[in-house]
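Residue-level structure breakdown
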Amino acid sequence: MRKAQKQQAEELVRQMEEAHDQIKKFIEQGSIPSALELLEECQNGGITVGTLIENTEGEGHPTVLLLEEYCEVAYQIHEELIQNKNVNTNKIYKLLRQKLIKAANSLKNNITVKKEAVFLPYKASMWDSLESVWKAADEDAYCDAYVIPIPYYDKNPDGSFREMHYEADQYPDYVPITRYDEFDFAKHRPDMIYIHNGYDNWNLVTSVHPDFFSGNLKKYTEKLIYIPYFVLDEIEPDNEQAVESMKHFCFMPGIINADQVIVQSENMKKIYISEYLKAAKERGLQGKHLDREYLERKFLGLGSPKYDRVLSIKKENLDIPQEWLKVIEKPNGSWKKIILYNTGIAALLAHNEKWVNKIENVLETFRENQDEVALLWRPHPLIESAMKSMRPEVLQKYEMLKETYLAEGWGIYDETADVDRAVVFSDAYYGDSSSVVQLYKQTRKPIMIQNVEIMN
């Protein structure tokens, strides 16, 4: 039984207890019709509580049996009052009270409260930021966990929505999926809702469906929890230049509305709190938003679930597509070295056409060395959406590079939802600085960041 349901049942029982006192007064005053009416309401209350318990705990629950006994006694007293007005008032009061106390104690002690946790990923490729938390909730016998992928939209340069995406079919087979339009948040009122997109309408490239903006979700839960879908370079709180480059992550709608924010380290927690306080003051927020003690409880430096997942994957257990093996295997059956080439949005926005030219140069270099090295190119999953929205002038050349690469077939193009497979599967990392670099560091394999100013 959910917490809210148990509270509802306990409140009904409390009202029935209060009704007993009034029934006693009505009988003593000779107001038998009023006493009969209250007795009927008590029976209905017992039936309502019993039905609620049966719906959540199943038929034959001990508490339901005790409520049935209570209802039977209330019925007998009701009939006795109709037939005989000279009844023993104290005896009636004592019988009702004894039966209801037994049912109330059973309700309290024999019904366990189950929590409900809802996870709302939007891009399947970012599911790793929630997976280990979901697994813990799913394995908890006293928690019902729901994974509900939500739709999102690409945005036009003017901020309007373009096409909608819904990636429910891209999650691992072991993750049970609930459709977003088949889950009634108002009815369920989950104890916890987890999100990994905190931008709401602040993002210039994409937007989750407005129904799932953090401000709306907060109406349906006591605890909204935000976990970033990314990990950042670890920096010291007193490194002003480094903090300046990432402070925009510390203050956004999802963080403002969240009851808890889980970040990757204690140092990052200090930075988030400091930058949140500054931004909250600038925007005129009041109360708890400026209370450092509250923020110390709100922000938790527990680590990123992304680390949990990438460290749990074994290379020998990976499912490698056959078309990838054709690129990787040498004629003698041995494998080439596999280089994960990761290209990201931040580098695109910083360097524009230079960045596209760099990719062209990199692809040519790896094509010339394809006999010894296999290239696994994995662009950011929103890279083309970002170009359409913010850098349309480079889109055509980029698409031509991509189409040529795919047509020639000498390398791997990975646009699947599973970034961790690429991280674990490859032998080294090359490409833009991004959160994938932080994941790659966990593997202790070589990493090189590309420089768009250097060709060849």
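Up top is the structure these notes are about.
Presented here is an overview of the structure given in this document. (Residues numbered from 1 in each chain as written. Predicted model: local features only at pLDDT ≥ 70, side-chain atom pairs only at ≥ 80, totals over all residues. Heavy atoms only, no water.)

**What about the pairing of strand β13 (residues 428-431)?**
Residue alternation in β13 divides its side chains into two sets, Ala428 and Tyr430 and Tyr429 and Gly431, and both sets are buried. Summarising the sheet, strand β10 (residues 337-343) and β13 pair through 4 bridges and their orientation is parallel. Note on β13: the bridge partner recorded for asparagine 342 is glycine 431. Of the strand pairs in this sheet, β13 and strand β14 (residues 447-449) are connected by 3 bridges, and their pairing is parallel. (Buried < 20%, exposed > 50% of the residue type's maximum accessible area, 1.4 Å probe, protein only. Helix = DSSP H or I, 4+ residues; strand = E, 2+ residues; numbered from the N terminus. Pairing = 2+ DSSP bridges.)

**What to know about empty space enclosed by the protein**
Take a probe with the size of a water molecule and roll it over the atoms, and the empty space left behind shows itself. A complete count under the given rule lists 2 cavities of 30 Å³ or more for this structure. The volume enclosed by the largest cavity comes to roughly 80 Å³. Lining of the largest cavity is provided by Ile227, Pro228, Phe230, Val231, Leu232, Ile262, Val263, Gln264, Met268, Tyr272, Gly303 and Ser304. Here the residues of the lining of the largest cavity sort into 9 nonpolar, 3 polar and no charged. Counted as a void, the second largest cavity has a volume near 40 Å³. Every residue lining the second largest cavity is listed: Leu120, Ile150, Ile195, Asn197, Val208, Phe212 and Leu217. For the lining of the second largest cavity, the per-class residue count stands at 6 nonpolar, 1 polar and no charged. (1 Å grid on protein atoms, 1.4 Å probe; cavity = no way out; pocket = protein on both sides within 12 Å on 5 of 7 lines; lining within 4 Å. Points joined across faces, edges and corners; volume = space filled by probe spheres on them. Nonpolar A, V, L, I, M, F, W, Y, C, P; charged D, E, K, R; others polar.)

**Brief notes about the layout of surface pockets**
Size it by volume and the second largest pocket reaches roughly 480 Å³. Taken together, the elements giving at least two residues each to the lining of the second largest pocket come down to α5 (131-139), α12 (305-312) and α18 (419-425). A per-element tally of the lining of the second largest pocket places α18 first, with 3 residues. Of the residues in the lining of the second largest pocket, the class split is 9 nonpolar, 5 polar and 10 charged.

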